[in-house]
Amino acid sequence: MNFESVIDISKAELIQVTFPDEIPVKVFVKRLDLIHPIISGNKWFKQKYNLVYAKENDYKTLVTFGGAYSNHIHALAASGKEFGFETIGLIRGEEHLPLNPTLKAVTELGMKIFYVSRSDYRKKHLPEFEEWINKKFGKVYIVPEGGTNVLALKGGSEIPSLIEMDYDFICSACGTAGTIAGVIAGLDGNKKALGFSVLRGGAFLNNNVKNLISAYNGKAYTNWSINLDYHFGGYAKINRELILFIQNFYDANMIQLDPIYTGKMMYGIYHLGRNGYFGKDKTIIALHTGGLQGVEGMIEKMKNVLANKVR
Ligand SMILES: *Cc1c(COP(=O)(O)O)cnc(C)c1O
């Protein structure tokens, strides 16, 4: 597969950013969101070696799972189109017509979508579910939810080598924590990695990271942690303060963050930085993991929050 003609890693600029008030650390954003219009951010790194594996093993079709606004589903649909795979998306919940912007886009990219009830969706890790998929779709390569598996760590481990300067901390928003696990493996004990859980009750992510790294390279590292304090109530939950922070950050830096992942991470970096968490004069790398397609699905909610219609 010729990745270079599709994914342009050289577009991932590293840019210093500023905040409304000065904080005693330097923060740089690594713009992984710019490497491809759709297969952007962390999702490319997670998919890369899964695509290689699928090609090498002669799979023609990729099947994956996600919510109706999933960045992962969107990126996989685009990868299928770019690299010549059929794609099937198993979407959690009932069909809603008209299709939301994400599902409309993936359908246009050629992905076939099927809806899975919330109760069946919870069984997606079980062998029966895999049997059901194989019975229904034949020989297909199954990419797990969020794209996180051991091959995803191999791709994620390449991220630190793309940072062309010295730094102290590297940060990522965490959903499954596959990305930060890959980054930690890539650091191989050097510097520090800090993940920000975008989920309420994200303590289990610590075990995810340990188990994924152990399965990937058999090692255990101590130079990382997952911060659990900036989820804003849970996955895709937002408030006025977060929205205004994202707007101010855009005005100051001309970099768009999303309210589900990178906005929460950046808010966390800003607050921890201000409170002295990182220490003085440290350099922080914040990964821009993409996710901007998901903003469209949040616009109504953001307007309502700003208009004080909902809390
Ligand atoms: C999927 C996603 C994440 C979370 O990545 P994990 O590897 O699941 O932790 C972070 N940021 C954005 C923008 C994403 O789309």
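Given the structure is predicted, the values throughout are model-derived calculations rather than measurements.

S.K.: What should I look at first to understand the sheet that holds strand β2 (residues 25-30) in this one?
M.R.: The pairing of strands in a sheet comes from backbone hydrogen bonds and takes either a parallel or an antiparallel form. One open sheet holds the 6 strands; their spatial order is β1-β2-β10-β7-β8-β9, and the pairing between them is mixed. Each edge of the open sheet is held by one strand with a lone partner, namely β1 (14-17) and β9 (224-227). Strand-to-strand twist in this sheet, taken as the mean axis angle between neighbours without regard to direction, amounts to 25°. Bridge analysis of strand β7 (residues 169-174) against strand β8 (residues 192-197) gives 6 bridges, and the strand direction is parallel.

S.K.: I keep staring at the domain arrangement of the protein and nothing clicks. Help me out?
M.R.: Along its sequence, the protein is carved into domain 1 (3-39 + 150-307) and domain 2 (42-147). In this complex, domain 1 contributes 26 residues to the contact, which on the side of domain 2 involves 26 residues. Between domain 1 and domain 2, the buried area comes to about 2,400 Å², and carbon and sulfur atoms account for 68% of it. The largest share of the area that domain 1 buries against domain 2 comes from F3, I39 and Q293, three residues that together contribute 28% of it. In this assembly, domain 1 and domain 2 are joined by 1 salt bridge. The shortest N-O distance in the salt bridge between K48 and E158 comes to 2.7 Å. Taken together, the links from domain 1 to domain 2 amount to 8 residue pairs in polar contact (both at pLDDT 80 or more).

S.K.: Please explain the site of the ligand as it appears in this structure.
M.R.: In the vicinity of the ligand, 15 residues are found, and the nearest of them are K43, K46, T176, T179 and T289. Between G175 and the ligand, the recorded distance is 2.8 Å, taken from a backbone N or O atom to an oxygen atom. Separating an oxygen atom of the ligand from a side-chain N or O atom of T179 is a distance of 2.6 Å. Of all elements in the fold, only α1 (42-56), β7 and α7 (178-187) reach the threshold of two or more residues within the shell around the ligand. At 3 residues, the largest contribution of residues to the shell around the ligand is made by α1. Partitioning the shell around the ligand into residue classes produces 4 nonpolar, 9 polar and 2 charged. Taken domain by domain, the shell around the ligand gets at least three of its residues from each of domain 1 (3-39 + 150-307) and domain 2 (42-147).

Basis of the calculations
Residues numbered from 1 in each chain as written. Predicted model: local features only at pLDDT ≥ 70, side-chain atom pairs only at ≥ 80, totals over all residues. Heavy atoms only, no water. Pairing = 2+ DSSP bridges. Helix = DSSP H or I, 4+ residues; strand = E, 2+ residues; numbered from the N terminus. Axes fitted to C-alpha atoms, helices over the stretch in contact; angles between N-to-C directions. Domains from an automatic or database assignment. Contact = heavy atoms within 4.5 Å. Buried area = accessible area lost by both parts, 1.4 Å probe. Salt bridge = Lys/Arg side-chain N within 4 Å of Asp/Glu carboxyl O. Polar contact = N/O pair within 3.5 Å; in protein donor to acceptor, adjacent residues only side chain to side chain. Near = heavy atom within 4 Å. Nonpolar A, V, L, I, M, F, W, Y, C, P; charged D, E, K, R; others polar.

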